[in-house]
Structures are given as C-alpha cells and as structure tokens.
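Chain by chain, the residues run as shown.
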Amino acid sequence: MNTFLKGMSILVVATFLGEVVEFLVNMILARELGESGMGHYMTILPTIFLIMMLASFELPVSISKMIAEKDESYHQSMIKHAIRLAVVFTMVLLIAAAIAFPFIPVFKDYHPLLKWVVLSLIPVMTISAIARGFFMGKQDMGKIAISHFIRRAVQLLLLSALFQFFEFGSETALLVAFCTLAGSELVVFLYLLHYFILSYQRIKSVPGKHVGGREVRKSLVEVSVPTTGLRIFHSLTHAVQPFLIKFAIVSAGLSSEMATEQFGMMAGIAMTIGFFPAFIAHSFLIILIPTVSKAYAEKEYFKLQKLLQQVMLLTLLYGLPAVTAFYFLAEPLTNTFFHSMQAAVFLQLLAPYFLFHYFTIPMQAFLIGLGLVKDAFIHSVYATVVTFSLIYLVGSRPEWGMEGVIVGMNTGSMVILLLHYLTICKKIGITWMAKSPIKDSRY
C-alpha cells in the first residue's frame with residue numbers, strides 16, 4: 001500500500017502541474033490563433049487525438065497488465081514479442097493512414113503539411129506506448145509522471161518561443177500550433193526511449209525464461225482490442241451527444257441559437273470546471289491497472305478488497321469537497337474564470353455527474369486489472385442507452401429543457417458506476433459493503 005500511495009502522490013502532483021501548464025498553453029493558443037483559429041484548432045484536435053489513440057493501440061494498458069502479472073525473468077522475452085507486434089501494427093497503420101488521409105474531409109481545410117505531421121506521430125506514439133506500458137507495469141511512476149509534465153512543458157516552451165520571435169499567417173500559425181504538439185510528443189518519446197533502453201539492458205543481465213510469441217500476442221490483443229474499442233465507443237458517443245442534446249432542447253421549444261448557447265455554457269464552462277479535479281482520478285487509473293493486475297494474478301483477494309476500500313475513501317475525500325464547492329460557489333467560479341453567471345446553475349445541477357465520474361474512472365481501472373474489459377464496454381453501452389434515452393425523453397419536454405438533459409446525464413453516470421462497482425465486488429468476493437470469507441492466503 002505504501003508503494004501505491006507513493007506512486008499515486010507523484011502522479012497527482014505531476015498531473016496537477018501539467019494541468020496548470022496546459023491552461024497556460026490554451027491561453028497562448030487563444031491569443032495567437034484568435035477565435036476563428038482556435039475554433040479550427042479545437043475542431044480537428046479530436047481527430048488527431050483519435051489517430052494518436054489508435055497508434056498507441058492501448059499498449060500502455062495491455063503491456064503494464066502483462067508485466068505486472070509475470071515474474072521479471074519473463075520480461076525480456078515478452079518485450080521482444082511486444083515490440084515485433086508493435087512494429088507490424090505501426091507499418092499497417094502508417095500505410096492505411098497514408099492512403100486514407102487524402103480522403104478525410106476535415107484535413108482539406110488545413111495546411112497540406114498537417115497530414116504529414118500527424119502521420120509522423122504514429123510510430124512515435126506506438127514506441128512511446130511500449131515504454132510507457134513497461135514502466136507502468138514495473139510501477140515506476142516517477143518516469144510516467146515526468147513524461148506527462150514534459151509533454152505540457154515542452155509544448156508551452158515551443159509555443160512561447162516561436163510566437164515570440166516569429167510572425168505567422170493564420171494558416172501557418174495553425175500548423176505551428178500542431179507542430180509544437182508533435183514536438184512535445186517527440187521529446188517525450190526520446191525521454192522514455194532512453195530510460196527504456198537502460199532498463200532493457202538491465203533485464204538482459206537477468207537469467208530469462210522464454211515465453212511463446214503466440215501467448216504474448218494473445219495476452220496483448222485480449223486487452224488492447226476491447227480497450228481500444230471502449231475508447232472509440234466513448235469518442236463516438238461524445239461526438240454524437242452534443243447534437244442529441246441540442247436536438248432535445250430545440251424540441252422543448254428553444255431556438256437553435258439559444259440551444260447552442262446553453263450547450264456551450266454547459267460543456268464549455270460548467271464541465272470544464274467540474275472535470276478539473278478528475279486529474280486525480282486519472283492518476284488512479286494509471287497506477288491501479290498494474291497494481292490490481294498483479295494482486296489478482298497472485299490471488300490476493302484480501303489485498304484487492306482493501307485496495308478498493310482505500311480508493312473509494314480517497315475519492316470521497318477529494319470528490320465530495322470538490323462538488324460541494326462547485327455547488328455553493330458556482331456563481332463566483334463561472335463568473336471569475338469565464339465571465340458567465342448563467343452557467344452557474346448548470347454547474348450546480350451537474351454536481352452528481354462529476355462525483356460519479358470521479359468514482360467511475362478508478363472503477364474502470366479495476367475492471368481492466370481484473371480482466372473484465374468486455375464488462376466495462378457492456379456497462380458503457382447500457383449507461384449510454386439510459387443517458388441518451390433520458391436526454392431525449394426528459395430534455396425535450398418544455399418544462400424541463402436543459403435541466404432534463406442534465407437529469408439524463410446524472411442518471412447515466414450513476415448507472416455505469418453501480419454496474420462497475422457491483423461487478424468488481426462480485427469478482428473479488430465482496431457482498432455489498434461486507435467482505436465475504438475469501439481471504440488472502442497469507443492471512
């Protein structure tokens with residue numbers, strides 16, 4: 001538990017500093033690109049992040065799980081097979097992307113070099129993913145934390161320097177902004193690669209045991225494919241949700257312009273404030289996957305039960321004060337940071353959504369560590385059906401409108417949390433809040 005708390009503390013501090021730096025990055029981008037340029041930047045950014053996510057193939061998750069479950073004597077053989085799989089996957093994705101990019105409409109409105117910048121990120125992301133997964137599996141959270149901070153800090157330095165000393169046209173400025181993003185990923189890649197090579201050299205000095213390539217590929221694919229599918233599903237639902245919300249509140253009697261304004265206040269202001277504390281939950285996600293995987297592989301059920309209790313308690317200790325502050329200080333928060341008083345009511349109504357979200361992220365890490373990625377995916381589908389149904393059925397009623405939309409979002413977030421929690425309890429031997437007779441064999 002001491003190792004878990006130490007790694008957690010390092011990640012939380014580094015992620016918080018990264019969030020602060022990202023805020024500064026967005027300030028520079030907004031100032032240099034202008035409203036139109038920032039709009040174009042934010043329009044294509046989800047597409048680029050999707051490509052980067054596909055390039056990583058969720059290898060940090062699958063490799064960390066595999067490394068945590070196996071003895072160190074197997075690591076050299078497993079890493080060799082993982083690298084071979086990654087090289088093949090990268091080549092296939094590069095070829096597919098090179099063929100597909102000219103036909104993707106969103107790229108036609110941008111500088112022609114942007115496609116090549118994004119293409120160059122594919123091998124960088126794949127190799128970085130191997131190194132990141134290795135360090136996560138070894139629970140070397142210091143390097144993971146530093147890499148997160150380096151990514152933001154390098155982008156900030158590059159943006160500040162380039163826009164300070166050079167003048168760019170609007171199209172070129174947009175390209176430069178994306179180049180700084182690619183540059184930061186390249187620096188992280190070099191940092192992780194350097195320490196990965198050093199660690200791999202140490203592993204080679206340890207007498208190793210052979211693991212079959214088929215076994216390693218099967219282990220990686222069983223985790224990476226459903227986890228990637230889960231991420232893609234989330235991306236698609238997040239892309240559809242804004243249109244559904246606006247359609248529902250227009251059906252409730254609002255004009256299209258007013259619906260867009262209300263959605264902007266909810267998504268751009270209330271959710272930006274409400275999701276800020278979630279960097280702690282994402283730190284849990286990173287450290288819990290290898291920790292849970294190792295404990296489950298060794299059948300340490302009592303340790304898993306205690307870990308679940310610790311995570312729930314820590315989440316409650318930061319989550320409850322956070323949403324309480326959002327509720328009672330909604331107007332000062334929205335007015336101070338975004339000069340909007342009207343968004344305060346949305347921030348207050350979304351308080352349950354944010355709190356459930358803080359709990360759901362570490363619960364998802366538990367499911368991955370326990371080998372229940374498919375269950376996590378099914379839970380997401382169920383919760384999305386509930387959310388979308390209520391958004392339309394309640395949000396389209398004239399007396400509800402956006403408040404009805406938020407009711408749907410709160411309900412869906414509660415559904416997925418309960419499904420995650422009950423599935424985890426069943427897997428590790430907890431009946432509701434009481435532990436079953438299953439114990440760690442050492443107790």
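The rules behind the values
Position numbers for residues count from 1 along each chain, tracking the sequence in the order it is written. For this predicted model, a pLDDT threshold of at least 70 governs which residues receive local features, and a threshold of 80 or more governs which side-chain atom pairs are given and counted, while totals over whole chains, interfaces and linings are taken from all residues. Note: side-chain values were computed over all heavy atoms of the structure, leaving out hydrogens and water. Elements are defined by DSSP. Helices are runs of H or I of four residues or more, strands are runs of E of two residues or more, and each kind is numbered from the N terminus. Each radius of gyration reported is based on C-alpha atoms, and the globular scaling rule is 2.2 Å times the count of residues to the power 0.38. Under the scheme applied here, a residue whose accessible area is under 20% of the maximum for its type counts as buried, over 50% as exposed, and between as partly exposed, the area being computed with a 1.4 Å probe on protein chains only. Working rule for contacts: check all heavy atoms of both residues, and any pair within 4.5 Å makes them a contact. Put simply, two rings from Phe, Tyr or Trp (the six-membered ring, in Trp's case) pair if the centres are within 6.5 Å, and we call them stacked under 30 degrees between planes, edge-to-face over 60, tilted for the rest. Here an angle of 0 to 180 degrees is reported between the N-to-C directions of two axes, which are lines fitted to C-alpha atoms, with helices fitted over the stretch in contact. Note on angle classes: values under 35 degrees are labelled roughly parallel, values over 145 roughly antiparallel, values of 65 to 115 roughly perpendicular, and the remainder oblique. Should the near helix be turned counterclockwise from the far one by less than a right angle, the crossing is left-handed, whereas a clockwise turn marks it as right-handed. Amino acids outside the nonpolar list (Ala, Val, Leu, Ile, Met, Phe, Trp, Tyr, Cys, Pro) and the charged list (Asp, Glu, Lys, Arg) are all regarded as polar, and Gly is one of them. Like charges within 9 Å and nonpolar side chains (Val, Leu, Ile, Met, Phe, Trp, Tyr) within 5 Å are joined into patches, using only residues over 30% in relative accessible area that form no salt bridge. Accessible areas in this description were obtained via Shrake-Rupley with a 1.4 Å probe; residue shielding takes into account the shown protein chains only. We define a salt bridge as a side-chain nitrogen of Lys or Arg found within 4 Å of a carboxyl oxygen belonging to Asp or Glu. Expected span of a helix: the number of residues minus one, times 1.5 Å.

1. Some thoughts on the overall build of the protein chain
Step number 1: Secondary structure summary: the protein chain contains 15 helices and two strands in total.
Step number 2: In summary, the protein chain has a C-alpha radius of gyration of 23 Å against a globular reference of 22 Å for 443 residues, a match within 12%.
Step number 3: Taken along its principal axes, the extent of the C-alpha atoms in the protein chain is 70 × 60 × 35 Å.
Step number 4: Evaluated residue by residue, the protein chain yields a buried proportion of 50% over its 443 residues.
Step number 5: In the protein chain, of all internal contacts separated by at least 6 residues, the share reaching a separation of at least 24 is 83%.

2. Overview of the environment of Tyr 74
Step number 1: The residue Tyr 74 is located in the loop between helix H2 (59-69) and helix H3 (75-100) in this model.
Step number 2: For Tyr 74, a relative accessible area of 25% puts it in the partly exposed group.
Step number 3: The sequence separation of Tyr 74 and Tyr 41 amounts to 33 residues, and the corresponding C-alpha distance is 44 Å.

3. Here's the deal with the environment of Gly 264
Step number 1: Within the secondary structure layout, Gly 264 lies in helix H8 (residues 256-274).
Step number 2: Gly 264 sits 107 residues away from Leu 157 along the chain, and the two C-alpha atoms are 30 Å apart.

4. Focus on the packing of aromatic side chains
Step number 1: Scanning all chains against the criterion turns up 19 aromatic pairs.
Step number 2: With a centroid separation of 5.5 Å and an interplanar angle of 70°, the aromatic rings of Phe 134 and Phe 135 are classed as edge-to-face. Each member of the pair Phe 134 and Phe 135 is classed as buried.
Step number 3: For the pair Phe 276 and Phe 279, a centre-to-centre distance of 5.7 Å together with 70° between the ring planes defines the contact as edge-to-face.
Step number 4: Overall, Phe 279 belongs to the buried group, its relative accessible area being 9%.
Step number 5: Each residue in the set Phe 134, Phe 135, Phe 196 and Tyr 200 is aromatic and connected to the rest through ring pairs, giving one cluster.

5. Some details on the environment of Phe 346
Step number 1: In this structure, Phe 346 sits in helix H12 (residues 344-349).
Step number 2: Accessibility expressed as a relative area gives 4% for Phe 346, which makes it buried.
Step number 3: Spatially, the C-alpha atom of Phe 346 lies 46 Å from that of Leu 85, the residues being 261 residues apart in sequence.
Step number 4: With residues near it in sequence (within four places) discarded, Phe 346 still touches Gln 262, Met 265, Met 266, Ala 270, Met 402 and Ile 406.

6. Describing the packing of helix H9 (residues 278-297) against helix H13 (residues 351-369)
Step number 1: At a minimum axis separation of 7 Å, H9 and H13 run at an interaxial angle of 20°. Considered as vectors, H9 and H13 are oriented roughly parallel to each other. Here H9 and H13 pass one another in a crossing that is right-handed. Across from Ala 278, Ala 281, His 282, Phe 284, Leu 285, Leu 288, Ile 289, Val 292, Ser 293 and Tyr 296 in H9, the residues of H13 making contact are His 357, Tyr 358, Ile 361, Pro 362, Ala 365, Phe 366, Ile 368 and Gly 369.
Step number 2: Residues that form the contact of H9 with H13 fall into these classes: 14 nonpolar, four polar and no charged.

7. Side note on a nonpolar patch on the surface
Step number 1: Together, Val 13, Phe 16, Leu 17, Val 20, Phe 23, Leu 24, Met 27, Phe 149 and Phe 276 make up a nonpolar patch on the protein surface, roughly 780 Å² of accessible area in all.
Step number 2: You can see Val 20 is positioned in helix H1 (residues 2-56).

8. Describing helix H14 (residues 373-395)
Step number 1: In this model, H14 (23 residues) spans 32 Å end to end at C-alpha, consistent with the 33 Å of a helix rising 1.5 Å per residue.
Step number 2: Looking only at H14, the buried set comprises Val 373, Ala 376, His 379, Ser 380, Ala 383, Thr 384, Thr 387, Ile 391, Val 394 and Gly 395.
Step number 3: Where H14 is buried, its residues contact helix H7 (213-251), H13 and helix H15 (402-428).

9. A look at unusual backbone geometry
Step number 1: Positioned with a positive phi, Glu 58 is a non-glycine residue whose angle comes to about 55°.
Step number 2: Mapping Glu 58 onto the fold places it in the loop between H1 and H2.
Step number 3: Of the residues examined, Glu 58 reaches a relative accessible area of 6% and is grouped as buried.

On their own, these measurements won't tell you what the molecule is for.
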